[in-house]
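The lines below spell out each chain.
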Amino acid sequence: MQKSDRNKGLLTTAEEITDLSRKLEPEKVISFDTEFIRESTFYPIVEIIQVATETESWLVDAQAFKKRAKSATNSPPNSPSSYDPGLQPLLDIFTNPQILKIVHAAQGDQECLYTSFGVVASPTLDTAVAASLCGYGDGIGLARLLQIVLNVAVKKGHARTNWSVRPLPEHLLNYAHEDVKYLVLLGKKLLDQLDTLKRKPWALELSAKYEDKSLYEIDVEKMAHKLARGRRLDPKAYATLFALVKWREERIKKLNLPRRWVADDNVLLDLAQVKPKDMPHLSSFRGLNKGELKASGELILEIIARATEEVEPHFARPEKALVPTQSEAQVLDLLKCFVNILADAHHVAPKHLMTSNQLLPLLRNKVENEADLRSLGILSEEANRLIGKELLEFVQGKKALWIKKNRIEVRDLDS
């Protein structure tokens, strides 16, 4: 369907947002996208919010609303209070449970909404997720997906565009519209295919994972565990690492700077293990920003000293990741191959069936039936429905991989 061009420019006023929201409210399905910049900040800075129905698309100038708010308040950067409340009617549309929001590769856009406005869009269908359940592959780009499903060609190549420039030139306005205006139709086509495959609930469930606000909150303990995994850290070293990660995350939030501009992960690990006691020693660590060393050097030394002295029970070294034996590693390679073949046969991305972390527990647990696969968390309910029986038969020696005419096939051994 031909899209209207009468909404080509940027919407910059509360009155325009109210009018847009009134047009969107009766819709059952809309789409959205965001354009942001992040090269020199910790939080993404939203510049443009694109919204569309199946027949029209609009561009909202988020920058205009932030400028007005900054001139009136002393709000911290990228907090919900740092934007003019004139955007609220649009945010209400994004959280309206009666309107399905179509978005491609949702995580970045949801992070923008949450860190800037304190909301996430819900309910949503992520067309990248939907595509991976319809046989189009994992991580397919929007331009390629539009070409395959709708036979629509859109221009790409603006990944590094400076969206903060005003006025935006016409070719960027056109690009911003192109990025969103076909999404509703694309989403509807994919929903039809998902219905045929009986995978619509699965796609909505996977899309909803990006609606979890905790994804966009800093989890210091999880981050410290991840950094420590595979390292030989004693309880004192881990307690120090935890304290340093906590300091850095609070610091980057306050300054709104990328992590590496304050201190990268490796320098925190080195500091936790070596535990310098004076400024000359601390100054010798590469990866610690020199300006930050001057501003926070004494505090870092204090954090290290205090963490070393006050080791609490929950700062025990994280459990080691499961590591397969040599023979298990060979079996895992074969299992991965088998799962990939099943994924191809069922036209679904392999990651939705089984991950590497789930394969080793399959070998080390007594698994007798499909219910065991589900109860032990080896397969999700949907994955179990698709491949549970075949996976068990393969592990139990009832199915085999067979090479025929340079192709791998799955065969029953008793046939």
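1. Structural notes on the pairing of strand β4 (residues 57-61)
Alright, step 1. β4 sits mainly inside the fold: five of its five residues count as buried.
Alright, step 2. A two-sided burial pattern is seen for β4, the buried positions comprising Ser57, Leu59 and Asp61 on one face and Trp58 and Val60 on the other.
Alright, step 3. The sheet contact formed by strand β1 (residues 10-11) and β4 spans two bridges and is parallel. Within β4, the residue paired with Leu10 across the bridge is Leu59.
Alright, step 4. The sheet contact formed by strand β3 (residues 45-52) and β4 spans five bridges and is antiparallel. Pairing of Gln50 across the sheet is with Leu59, part of β4.
Alright, step 5. The loop that links β3 with its antiparallel partner β4 comprises four residues.

2. Details of unusual backbone geometry
Alright, step 1. The residue after Ser122, namely Pro123, is reached through a cis peptide bond having omega -5°.
Alright, step 2. Along the chain, the position of Pro123 falls in the loop between α4 (106-117) and β6 (124-126).
Alright, step 3. At Ala105, a residue that is not glycine, the phi angle is positive and equals roughly 55°.
Alright, step 4. Mapped onto the secondary structure, Ala105 falls in the loop between β5 (100-103) and α4.

3. What about the confidence of the model for the protein?
Interpretation of the predicted coordinates at a detailed level should be avoided for regions scoring low in pLDDT.
Alright, step 1. For the protein, the average pLDDT comes to 89, and 91% of its residues sit at 70 or higher.
Alright, step 2. Per-residue pLDDT stays below 50 along residues 1-6; that stretch engages in 12 contacts with residues further than four places along the chain or on separate chains.

4. Points about the sheet that holds β5
Alright, step 1. Taken in spatial order, the six strands of this open sheet run β1-β4-β3-β2-β5-β6, and their pairing is mixed. One side of each edge strand has no neighbouring strand; the edge strands of this open sheet are β1 and β6.
Alright, step 2. With three bridges connecting them, strand β2 (residues 29-37) and β5 associate as parallel partners. Looking at the pairing, Ser31 lines up with Ile102 of β5.
Alright, step 3. Contacts from helix α1 (residues 14-24) reach β1, β2, β3 and β4 within the one sheet, and its direction differs from that of β4 by about 145°.
Alright, step 4. Packed onto the sheet, α4 meets β2, β3, β5 and β6 and runs at close to 75° relative to β2.

How each quantity is defined
Throughout this description, residue numbers start from 1 for each chain and increase along the sequence as written. With pLDDT at 70 or above as the cut-off, local features in this predicted model cover only qualifying residues; side-chain atom pairs require 80 or more to be listed or tallied, and sums for whole chains, interfaces and linings still use all residues. By convention in this description, side-chain values take in all heavy atoms of the structure and omit both hydrogens and water. The buried label goes to any residue with under 20% of its type's maximum accessible area, the exposed label to any with over 50%, and the partly exposed label to all in between, with areas taken from a 1.4 Å probe on protein chains only. Helical segments are the DSSP runs of H or I of at least four residues, strand segments are the runs of E of at least two, and each set is numbered from the N terminus. Note: two strands are recorded as paired if DSSP finds a minimum of 2 bridges between them. Confidence scores labelled pLDDT are given residue by residue by the predictor and lie between 0 and 100. Residues are treated as being in contact if the distance between any of their heavy atoms lies within 4.5 Å. Where helices are involved, their axes are fitted lines through C-alpha atoms of the stretch in contact, as for all axes, and angles between N-to-C directions lie from 0 to 180°.

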